[in-house]
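# Fold and geometry: a report
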Amino acid sequence: MNHNNTLSLAVMSGKGGVGKTNIVLNLGYALQQAEMTALLMDCDLGLANLDVLLGISPEKNLHDLLQTGVNAEDVVCEIEDGFDMLPATSGVPELVEMDEDMQDILFKKLVNLAGEYDYLMLDLGAGISHTVLSFASLTQLRIVVVTPEPTSLTDSYAMIKVLTTQHDVKDFLVIVNQATSADEAKQTYERLAAACKNFLNIDLRNLGFIHQDRTLVESVRRQTPLMKFAPQAPASLDIKALAKKLMRYREDNRDRIAGRPILKDFPSL
Ligand SMILES: Nc1ncnc2c1ncn2[C@@H]1O[C@H](COP(=O)(O)OP(=O)(O)OP(=O)(O)O)[C@@H](O)[C@H]1O
Ligand SMILES: [Mg+2]
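Note that the structure is predicted; figures quoted are calculated from it, not measured.

### A short note on the side chain of aspartate 42
- Within the secondary structure, aspartate 42 is located in strand E2 (residues 38–43).
- The buried charged residue aspartate 42 lacks any salt bridge, with lysine 20 as its nearest oppositely charged partner at 10 Å.
- Among the polar contacts made by the side chain of aspartate 42, one reaches the main-chain amide nitrogen of asparagine 49 at a distance of 3.1 Å.
- Polar side-chain contacts of aspartate 42 include one of 3.1 Å to the backbone nitrogen of leucine 50.

### Notes on the sheet that holds strand E7 (residues 172–179)
- Sheet architecture is open: eight strands sit in the order E3-E4-E2-E5-E1-E6-E7-E8, paired in mixed fashion. Each edge of the open sheet is held by one strand with a lone partner, namely strand E3 (77–80) and strand E8 (205–211). Between one strand axis and the next, the sheet turns by 25° as a mean value, whatever way the strands run.
- Strands strand E1 (7–12), strand E6 (141–146) and E7 of the sheet are contacted by helix H8 (residues 150–167), whose axis makes an angle of about 160° with E6.
- Those strands touched by helix H12 (residues 234–252) are E1, strand E5 (119–124), E6, E7 and E8, and its axis lies near 165° from that of E8.

### So, the site of ligand 1
- Of all residues adjacent to ligand 1, which total 18 residues, the nearest are Lys20, Thr21, Asn22, Asn177 and Asp213.
- Between ligand 1 and glycine 17 there is a distance of 2.9 Å, counted from an oxygen atom to a backbone nitrogen or oxygen.
- If ligand 1 stood free it would expose 640 Å²; the protein chains cover 81% of that surface.
- Looking at the shell around ligand 1, the elements with two or more residues in it are helix H1 (20–33), E7, E8 and helix H10 (214–221).
- Counted by class, the shell around ligand 1 contains six nonpolar, nine polar and three charged residues.

What counts, and where the lines are drawn
Residues numbered from 1 in each chain as written. Chains lettered and ligands numbered in written order. Predicted model: local features only at pLDDT ≥ 70, side-chain atom pairs only at ≥ 80, totals over all residues. Heavy atoms only, no water. Helix = DSSP H or I, 4+ residues; strand = E, 2+ residues; numbered from the N terminus. Buried < 20%, exposed > 50% of the residue type's maximum accessible area, 1.4 Å probe, protein only. Lys, Arg positive; Asp, Glu negative; His and termini not counted. Salt bridge = Lys/Arg side-chain N within 4 Å of Asp/Glu carboxyl O. Polar contact = N/O pair within 3.5 Å; in protein donor to acceptor, adjacent residues only side chain to side chain. Pairing = 2+ DSSP bridges. Axes fitted to C-alpha atoms, helices over the stretch in contact; angles between N-to-C directions. Contact = heavy atoms within 4.5 Å. Near = heavy atom within 4 Å. Areas by Shrake-Rupley, 256 points an atom, 1.4 Å probe, with all protein chains shown as cover. Nonpolar A, V, L, I, M, F, W, Y, C, P; charged D, E, K, R; others polar.

Dropping the structure here:
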């Protein structure tokens, strides 16, 4: 196996609509601006929307990648220099619950391409479907996106519990999104961390938080990523800070990353 420099992350949440897709996209921008390379994979296979946030209509998507003769290079599409994405597709029901054979085809085709980037980020659908859980157990690390709403907290806890107890996955970073203050973000993180420590005996890591920011809502309407639309908006500055922390994490864990495959069970050639 090659020496691996790619940090793979799955971005997930218990509850839907908490901001995963916007976070993946804008974190990707922030990393690119810091001269890192990133590949985003839209894994919300039932309701793809990374392409919608970018206002683009990719020619090929992950559904095409399942066909013989189609390679990852045919499907990947450039967002910016060194910042690419693999689009999903909406309305193809068999992709929502992918069976293991389909996952096998997909990831075998993807893993070598992924190895060319500093970061691979999977934007997952919400909830704890079989596909979400199996994708989330493949990556080296998971980012759980939570908001201060009580339902978001309980759903995130439930998701972490299933992954920990049934999939033996224990590495989680947390981003608190849509916080109205640093205090609220801290309380939200601490509640989730305390429940995970007390009942599951695992330690979460706090990556940081993103302010609730109407500029982000406006950027979605304009189909322009927030980092491009308003680079100085409060949420943009928060996301830049998160990207810095992620870069530090990657640096601090270089040896661990090098020792692990990018995607578990899919060694690169
Ligand atoms: N920091 C924020 N400030 C204000 N609004 C936000 C913020 N983050 C997300 N939102 C709102 O939440 C909406 C949903 O965001 P997004 O599509 O990224 O969520 P998601 O978790 O990917 O949803 P799904 O579970 O459906 O995939 C955005 O369109 C925006 O209106
Ligand atoms: Mg989404």
